[in-house]
Amino acid sequence: MALVRILIDGYSLLHHWPELAPGSARHSEAARDALVEMLTHYQDASGTPVTVFFDGARGRRSKPKDEAGGAVEVLFSSSGQTADDLIERAAHRFQDYGEVLVVTDDRAERSVVSGFGGSVASCANFIQMIQNALADLAENMNNHNNNERKRFSRSK
């Protein structure tokens, strides 16, 4: 089955990625915006839709600066629920459409998701996946640009 969506526990990932938005508190709007920007690059490189969930009680509920069509979906939990609740519910609902990957370091959440057949990844593994995908994309773009330069030079 194809991977249909990646569901991310936003604050869990932010806590394991201190290089992202250095000097900003992990629950700050700046840190959330930096994460969403990085996830947008990854979504563009991988072609797999990404949804990131944040606990609503921990910060402003403003939308990220650059939210356009096709951007990473950002959801905040409401009062009385957690991001974990939303992730588990979404993972369960998406399973009829294909494989869903849940990214979190919360053991209980990972256990629930894998219990009904969802795939899980640790934050460290997912950060490595992002870095690899973006490096591959940069290399492919560089190769393409070099080939086009050569082709253009030969046609003169």
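Bear in mind the structure is a predicted one, so any value in this text is a computation, not a measurement. (Residues numbered from 1 in each chain as written. Predicted model: local features only at pLDDT ≥ 70, side-chain atom pairs only at ≥ 80, totals over all residues. Heavy atoms only, no water.)

(A) Here's a closer look at the nonpolar core. Ranked by internal contacts, the top residues of the largest apolar core, which has 27 residues, are I8, L13, L35, L39, V52 and F126. Those elements that provide at least two residues to this core are β1 (3–9), α1 (10–15), α2 (29–46), β2 (50–54), β3 (73–76), β4 (99–103) and α5 (123–154). Ranked by residues supplied to this core, first place goes to α2 with six residues. I8 has contacts with L13, L39, V50, T51, V52, F53, I87, V103 and F126, leaving out every residue within four places of it along the chain. (Core = buried A, V, L, I, M, F, W, Y, C linked by side-chain atoms within 4.5 Å. Buried < 20%, exposed > 50% of the residue type's maximum accessible area, 1.4 Å probe, protein only. Helix = DSSP H or I, 4+ residues; strand = E, 2+ residues; numbered from the N terminus. Contact = heavy atoms within 4.5 Å.)

(B) The pattern of salt bridges, seen in detail. Taken as a whole, this structure holds three salt bridges when the rule is applied. A salt bridge links R5 to E73; its shortest N-O distance comes to 3.7 Å. Placement of the pair is R5 in strand β1 and E73 in strand β3, with a sequence separation of 68 residues. Of the charged contacts, one joins E148 and R151 as a salt bridge, the two residues approaching to 2.6 Å between their closest N and O atoms. With a gap of three residues between them, E148 and R151 both fall in helix α5, about one helical turn apart. (Salt bridge = Lys/Arg side-chain N within 4 Å of Asp/Glu carboxyl O.)

(C) Broad picture of the pairing of β3. Here β3 shows one buried face, formed by V74 and F76, and one open face, formed by E73 and L75. Of the pairings in the sheet, the one linking β2 to β3 comprises four bridges and is parallel in character. Counted as the bridge partner of T51 is E73 from β3. (Pairing = 2+ DSSP bridges.)

(D) Focus on the packing of α2 against α5. The contact between α2 and α5 brings their axes to 9 Å, and the two run at 60°. Regarding the angle of α2 to α5, the classification is oblique. Seen along the crossing, α2 lies across α5 with a hand that is left-handed. Mapping the contact onto sequence places M38, L39, H41, Y42 and A45 in α2 and F126, M129, I130, A133, L134 and L137 in α5. (Axes fitted to C-alpha atoms, helices over the stretch in contact; angles between N-to-C directions. Parallel < 35°, antiparallel > 145°, perpendicular 65-115°, else oblique. Left-handed = near helix turned anticlockwise from the far one by under 90°.)

(E) Region of interest: unusual backbone geometry. With a phi close to 55°, A21 is a non-glycine residue in the positive phi region. Mapping A21 onto the fold places it in the loop between α1 and α2.

(F) How the structure looks around helix α3 (residues 83–94). In a regular helix each residue adds 1.5 Å, so 12 residues correspond to 16 Å; α3 covers 16 Å between its end C-alpha atoms and thus fits that length. Of the residues making up α3, those classed as buried are A83, D84, L86, I87, A90 and A91. Across the axial projection of α3, the buried residues extend over an arc of 160°, all falling on one side. For α3, the secondary structure elements touched by its buried residues are β1, β2, β3, β4 and α4 (107–115). (Expected span 1.5 Å × (residues − 1). Arc of directions from axis to C-beta.)

(G) Broad picture of the packing of α3 against α4. Remark: α3 packs on α4, axes separated minimally by 10 Å, with the N-to-C direction vectors making an angle of 15°. Classified by the angle between their axes, α3 and α4 sit roughly parallel to one another. The hand of the α3/α4 crossing is right-handed. Contact residues: α3 offers D84, I87, E88 and A91, while α4 offers E109, V112 and V113. Its residues assigned to classes, the contact of α3 with α4 comprises four nonpolar, no polar and three charged. (Nonpolar A, V, L, I, M, F, W, Y, C, P; charged D, E, K, R; others polar.)

(H) Here's a closer look at the pairing of β2. Counting buried residues along β2, five of its five residues qualify, which places the element largely inside the surrounding structure. In β2, alternate side chains face the same way, and those of V50, V52 and F54 on one face and T51 and F53 on the other are all buried. Bridging between β1 and β2 involves four bridges; their strand directions are parallel. The partner of I6 across the bridge, within β2, is V50.

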